[in-house]
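# Structural features, examined
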Amino acid sequence: MNTTTDFIASASESILKTYNRQPINFDYGKGVYLFDTHGKKYLDFGSGVGVNALGYGNKAFNDALKAQIDKVLHISNLYYNTPAIEAAQKLRRACGLDKVFFTNSGTESIEGALKVAKKYAFQKGLKNPQIIAMNNSFHGRTLGALSVTGNTSYQKPFLPLIPDVVFADFNNFESVEKFINDNTCAIILESVQGESGVTPATKEFLSQIRRICDEKDIVLILDEIQCGMGRSGKMFAYQHYGIKPDVLTSAKALGCGVPVGAFVVSEKIAKHSLQPGDHGSTYGGNPFVCAAVSKVFDLFEELSLIQNVQNMTTILESKINALCKKYNFLIDHRGLGLLRGIELEERIHSKDIIVRAQEKGLIILPAGHNTLRIAPPLVIDSSHIDEMIEILDSILREI
Ligand SMILES: *Cc1c(COP(=O)(O)O)cnc(C)c1O
């Protein structure tokens, strides 16, 4: 499997083609760099779509994983395990909510959050519980999560999905308000819309949503699978807004590469929603993944990662702004912390720039067809930002 044509042929023979993959086969990573099977080095400003907050090859993290492997990988949720208890304590402290359920992915965290809201509505006696979701949102690919994902092309081949979901416009409170009635059981949104172009919620919008949810006893679900876990410059992005959700969903950087997610519920909603028998997962919260989560929280503290994100954000933001001044086809720059979107004129496709960046040894991501998404590991220093900007500038110069 030495040549590019070899691994592409082998993959197309055996892997279901649900992705249009780039012709790169990564072999290992070190710090914020990835190396492919030809030995070519890439600066990684995509971090496995926001997963690898610690970068690659963090020794303390890897040692903690190895130690847990030698103890026990899996028990079952019929018993207790210390790593899960510790991980849950650290997560609840970090997010300010109360009760944790560990899942195996982001989309499963959404499924759980939707079940919490539905059960809460059931307990209240709602006959036709409705959910308000947002246009241009992304919550995952399983049927429940897809039902609240505001993207008709993702949904169309899989209709009918779960009923009674309506879509409002993100950052437009009036469009949300007009859907609210006595059957509304939940509002679900991303604090920062990621996949559709990196759009943070406005302060006004989120506080109005919080207020109406309080007034009408509606469950507010904030999806922080991408923008949470330090990426925004706070542990969770809603902490910039001075509000809290009733249910938080997390995944991606929660395990920094180990597949784990979680939903976290406020005490009040927990008491009146999922009870023994209502939900479960064989793997969910096993000792191995929870040892990872626990160590991730420890390392966030030891490495002062939130402070580093804040420092690096100031530098990255001003350098991207300078690029936007220099090139008038960069028409907008949005984001929060180390999750940034650079919108290109309609005629320029993000994919073309991403391919050229790869040729020059830089990994960045798309977000929609004409927005570049920048989401580096949270451990970057300013020299990595300089290197990224230099490569990006050299590509933009040729457009
Ligand atoms: C990635 C993502 C998901 C889905 O997570 P998976 O682990 O891929 O299932 C859900 N919501 C948001 C905001 C995401 O970025």
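Residues numbered from 1 in each chain as written. Predicted model: local features only at pLDDT ≥ 70, side-chain atom pairs only at ≥ 80, totals over all residues. Heavy atoms only, no water.

- As recorded in an unreviewed UniProt entry, the chain goes by the name Acetylornithine aminotransferase, listed as coming from Helicobacter fennelliae MRY12-0050.
- For the record of the chain, the UniProt heading Sequence similarities (unreviewed entry) holds the text "Belongs to the class-III pyridoxal-phosphate-dependent aminotransferase family. ArgD subfamily."
- The Catalytic activity (unreviewed entry) comment attached to the chain in UniProt states, word for word, "N(2)-acetyl-L-ornithine + 2-oxoglutarate = N-acetyl-L-glutamate 5-semialdehyde + L-glutamate". (UniProt positions renumbered as here; feature names shortened; annotations may be inferred.)

### Observations regarding the UniProt feature "binding site: N(2)-acetyl-L-ornithine" (unreviewed entry) in the chain
- If you check UniProt for "binding site: N(2)-acetyl-L-ornithine" (unreviewed entry), the listed places come out as Arg141 and Ser281 in our numbering.
- Tracing the sequence through the fold places Arg141 in the loop between strand E5 (130-134) and helix H6 (143-147).
- For Arg141, a relative accessible area of 54% gives the class exposed.
- As for its placement among the helices and strands, Ser281 is situated in the loop between helix H10 (267-271) and helix H11 (287-302).
- Beyond its immediate chain neighbours, meaning those up to four positions away, Ser281 contacts Asn77, Phe101, Asn104 and Glu108. (Helix = DSSP H or I, 4+ residues; strand = E, 2+ residues; numbered from the N terminus. Buried < 20%, exposed > 50% of the residue type's maximum accessible area, 1.4 Å probe, protein only. Contact = heavy atoms within 4.5 Å.)

### What about the sheet that holds strand E1 (residues 26-30)?
- Overall, mixed pairing links the four strands, which are arranged E1-E2-E3-E15 in an open sheet. Edge strands, defined here as strands with exactly one partner in the open sheet, are E1 and strand E15 (362-363).
- Direction of pairing for E1 relative to strand E2 (residues 33-36): antiparallel, over a ladder of four bridges. Within E2, the residue paired with Tyr28 across the bridge is Phe35. (Pairing = 2+ DSSP bridges.)

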